[in-house]
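Listed below are the residues making up each chain.
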Amino acid sequence: MRNYRSVTGISLNRGEGRVSAYESTLERDLMTALEFDLGFGVETYEEQPVVIEYTKPDGARGRYTPDILIKYRAAGGGARQPGKLVEVKYSDELKEKWAELEPRFAAARAYAEAQGWTFEVLTELEIRTPYFKNVKFLLPYRQMECDDALMEAVAEALAGLGQSTPKALVASVSPHWRVQGEAVAALWCLAARRAIALDLSVPVTMKSPIELAEGWRERLDWEEDLG
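Residues numbered from 1 in each chain as written. Predicted model: local features only at pLDDT ≥ 70, side-chain atom pairs only at ≥ 80, totals over all residues. Heavy atoms only, no water.

Draft legend 1. Representation of the pattern of salt bridges. Under the criterion given, the structure shown has 12 salt bridges. Note that E53 is salt-bridged to R61, the shortest N-O span being 3.6 Å. Here E53 and R61 have matching classes, each one exposed. Connected through salt bridges with shared partners, the residues R28, D29 and R128 form a single ionic network. (Salt bridge = Lys/Arg side-chain N within 4 Å of Asp/Glu carboxyl O. Buried < 20%, exposed > 50% of the residue type's maximum accessible area, 1.4 Å probe, protein only.)

Dropping the structure here:
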């Protein structure tokens, strides 16, 4: 029986200008969330960034390669968040292999601290959240070419409404179903570029509260500088 946890593949990494390799579906899902955050909270991410030597429980020397290094952007001119070295593991594997894994993690924690970073182990409980489901839905809209004029028209309609919902917003744009369908796509393009503000920590629906984000016009052409 195939183990769907051990699935290798590649995904687009715009921050590095290349593709990144993943070794599990969970690692792939984390990369999806990081890709969505590029240009906003995240500056770059790199897979298998360093090799760390450590001592095994039996005294032998070992080599350990954490999964991902995340580097963050400075927020609003403030201090930059420290980089984060990340290991991705399913929670049951983490429990089963803790005695074997703990020395690796201790070495990674010490290495990260020496670099001014942090070290964290992420499981499906931290990765596969409502936020991940939302960004998995929105990411294709961030990567596609959207109609600039239509995005601006939808944004202006939202400006006139103030706070609204996706359902009410597209209804305000036109009474015709074909135009409303195009407006829905433009709305999700705006949301994917963070030009429309909505709470991604809870499931997003056509009834979710939305409003224009500050500086929304500058976010229409996010690809110029990843945000």
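Draft legend 2. Up close: the state of the cysteines. For the structure shown, the criterion picks out 1 disulfide. Note that C146 is cross-linked by a disulfide to C189, the S-S spacing being 1.9 Å. Disulfide C146-C189: the torsion about the S-S bond is -65°, which places it as left-handed. Here C189 lies in helix α8 (residues 177–192) and C146 lies in the loop between α5 (130–143) and α6 (148–161), a separation of 43 residues in the sequence. Under the relative-accessibility criterion, C146 is labelled buried at 15%. On the basis of relative accessibility, which here comes to 2%, the residue C189 falls in the buried class. (Disulfide = S-S within 2.5 Å. Helix = DSSP H or I, 4+ residues; strand = E, 2+ residues; numbered from the N terminus.)

Draft legend 3. A look at the sheet that holds strand β8 (residues 118–122). Strand order in the open sheet made by the 4 strands is β3-β6-β7-β8, with mixed pairing throughout. This sheet does not close on itself; its edge strands, each paired only once, are β3 (42–47) and β8. Neighbour to neighbour, the strand axes of the sheet diverge by 25° on average, direction disregarded. Across the sheet, helix α1 (residues 25–37) is in contact with β3, β6 (68–72), β7 (84–88) and β8; its angle to β3 comes to roughly 155°. Helix α3 (residues 98–115) contacts β7 and β8 of the sheet and is inclined by roughly 145° relative to β8. (Pairing = 2+ DSSP bridges. Axes fitted to C-alpha atoms, helices over the stretch in contact; angles between N-to-C directions. Contact = heavy atoms within 4.5 Å.)

Draft legend 4. Spotlight on the packing of α6 against helix α7 (residues 166–173). Axis separation between α6 and α7 bottoms out at 10 Å; the angle between their running directions is 110°. The orientation of α6 with respect to α7, classified from their angle, is roughly perpendicular. You can see that α6 and α7 cross each other, and the crossing is right-handed. Residue-level inspection shows V154, A157, L158 and L161 of α6 in contact with α7, the latter providing L169, S172 and V173. Of the residues that constitute the contact of α6 with α7, the class distribution is 6 nonpolar, 1 polar and no charged. (Parallel < 35°, antiparallel > 145°, perpendicular 65-115°, else oblique. Left-handed = near helix turned anticlockwise from the far one by under 90°. Nonpolar A, V, L, I, M, F, W, Y, C, P; charged D, E, K, R; others polar.)

Draft legend 5. View of the nonpolar core. Core analysis: the largest hydrophobic core is formed by 29 residues, its most contacted members being L187 and L190. The set of elements that each furnish at least two residues to this core consists of α1, α5, α6, α7 and α8. For this core, the element with the highest residue contribution is α8, accounting for 8 residues. Apart from the residues within four sequence positions on either side, L190 is in contact with M151, V154, A155, A195, I196 and L220. (Core = buried A, V, L, I, M, F, W, Y, C linked by side-chain atoms within 4.5 Å.)

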